[in-house]
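Read off the chains here:
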Amino acid sequence: SQTIHQWPATLVQPVGSPLSLECTVEGTSNPNLYWYRQAAGRGLQLLFYSVGIGQISSEVPQNLSASRPQDRQFILSSKKLLLSDSGFYLCAWGRGSGANVLTFGAGSRLTVL
Amino acid sequence: AQSVTQPDIHITVSEGASLELRCNYSYGATPYLFWYVQSPGQGLQLLLKYFSGDTLVQGIKGFEAEFKRSQSSFNLRKPSVHWSDAAEYFCAVGGLAGGGNKLTFGTGTQLKVEL
């Protein structure tokens, strides 16, 4: 069966510090991978998605970047965090064909102080 | 562009009462529709999905949803709510994977259950 892991689960960082959130998927190959951000009362905002190694699409301009160095690894990064980067970040995977059903990780709570 | 509207931000129901959460969508082709549930501090869990065929779909935890093309709606229902159903519920619309197709989510409905 497929599983998705995200870490760290909780992170408190000062403004201007770097960020790295990691997501890995097991039990499948060549998945589509997604990073969403959830802010209170604003639902889920798609930040990045990837359909293959090294292929990243950005949905919104922002202070963040994403990378996919391996088939089942998806990393969300920032060189210098802003207060507005605080939120709950969710990684998800979906199959590369057929109906786009997403399976989500448990999320990473980022607080920027 | 595709979009989802969940008009109710908060809903409170008594345990044992029936529940209906509303969802309206906009999509240029035949939609795939989903309901997800999120417990506090957790990821999203798929409750049910509609792809084609019978417009009334059954999901986990006793939930069901009905697709009404004429109303562009996909409302979630449960005949008798349990206290453990308190959570946030998200409706989503999308198409086939591939070509960069993505799911679009509504802003969510927070469900509170009174004992």
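Right, let's walk through the structure included here.

Rules and cut-offs
- Residues numbered from 1 in each chain as written.
- Chains lettered and ligands numbered in written order.
- Predicted model: local features only at pLDDT ≥ 70, side-chain atom pairs only at ≥ 80, totals over all residues.
- Heavy atoms only, no water.
- Helix = DSSP H or I, 4+ residues; strand = E, 2+ residues; numbered from the N terminus.
- Buried < 20%, exposed > 50% of the residue type's maximum accessible area, 1.4 Å probe, protein only.
- Contact = heavy atoms within 4.5 Å.
- Areas by Shrake-Rupley, 256 points an atom, 1.4 Å probe, with all protein chains shown as cover.
- Lys, Arg positive; Asp, Glu negative; His and termini not counted.
- Charge placed at Lys NZ, Arg CZ, Asp CG, Glu CD.
- Rg over C-alpha atoms; globule rule 2.2 N^0.38 Å.
- Pairing = 2+ DSSP bridges.
- Axes fitted to C-alpha atoms, helices over the stretch in contact; angles between N-to-C directions.

1. Observations concerning the overall build of chain B
Line of reasoning, step 1. Per the secondary structure count, chain B includes zero helices and twelve strands.
Line of reasoning, step 2. For chain B, with 115 residues in total, the buried portion stands at 45%.
Line of reasoning, step 3. In chain B, once contacts between residues fewer than 6 apart in sequence are set aside, the share between residues at least 24 apart is 55%.
Line of reasoning, step 4. Of the roughly 5500 Å² of accessible surface on chain B, a fraction of 48% belongs to carbon and sulfur atoms.
Line of reasoning, step 5. Mean positive and mean negative side-chain charge positions of chain B (9 and 9 charges, respectively) differ by 7 Å.

2. Some thoughts on the overall build of chain A
Line of reasoning, step 1. Across its full length, chain A carries zero helices and eleven strands.
Line of reasoning, step 2. Counting helices and strands in the order they occur from the N terminus, chain A gives β-β-β-β-β-β-β-β-β-β-β.
Line of reasoning, step 3. Radius of gyration (C-alpha) of chain A: 13 Å, near the 13 Å computed for a compact globule of 113 residues.
Line of reasoning, step 4. Counting contacts in chain A only where the partners sit at least 6 residues apart, residues at least 24 apart contribute 54% of the total.
Line of reasoning, step 5. When the accessible surface of chain A is split by element, carbon and sulfur atoms take 52% of a total near 5200 Å².
Line of reasoning, step 6. Side chains of chain A give 8 positive and 5 negative charges; the mean places of these two sets differ by 6 Å.

3. Looking at the sheet that holds strand E1 (residues 3-7) of chain A
Residues and elements named next belong to chain A.
Line of reasoning, step 1. Strand order in this open sheet of four strands is E1-E3-E8-E7, and the pairing throughout is antiparallel. For this open sheet the edge positions go to E1 and strand E7 (65-70), each flanked by a neighbour on one side alone. Strand-to-strand, the axes of this sheet are offset by a mean angle of 20°, without reference to chain direction.
Line of reasoning, step 2. For E1 and strand E3 (residues 19-26), the ladder comprises five bridges, and the chain directions are antiparallel.

4. What to know about unusual backbone geometry
Line of reasoning, step 1. In this structure, Pro8 of chain A follows Trp7 of chain A across a cis peptide bond, with omega equal to 0°.
Line of reasoning, step 2. With respect to the helices, strands and loops of the structure, Pro8 of chain A is situated in the loop between E1 and strand E2 (10-13).
Line of reasoning, step 3. Within the chain, Ser72 of chain B stands out as a residue other than glycine whose phi angle is a positive 50°.
Line of reasoning, step 4. By the element assignment, Ser72 of chain B lies in the loop between strand E8 (64-68) and strand E9 (73-78).
Line of reasoning, step 5. What makes Ser72 of chain B partly exposed here is its relative accessible area of 27%.

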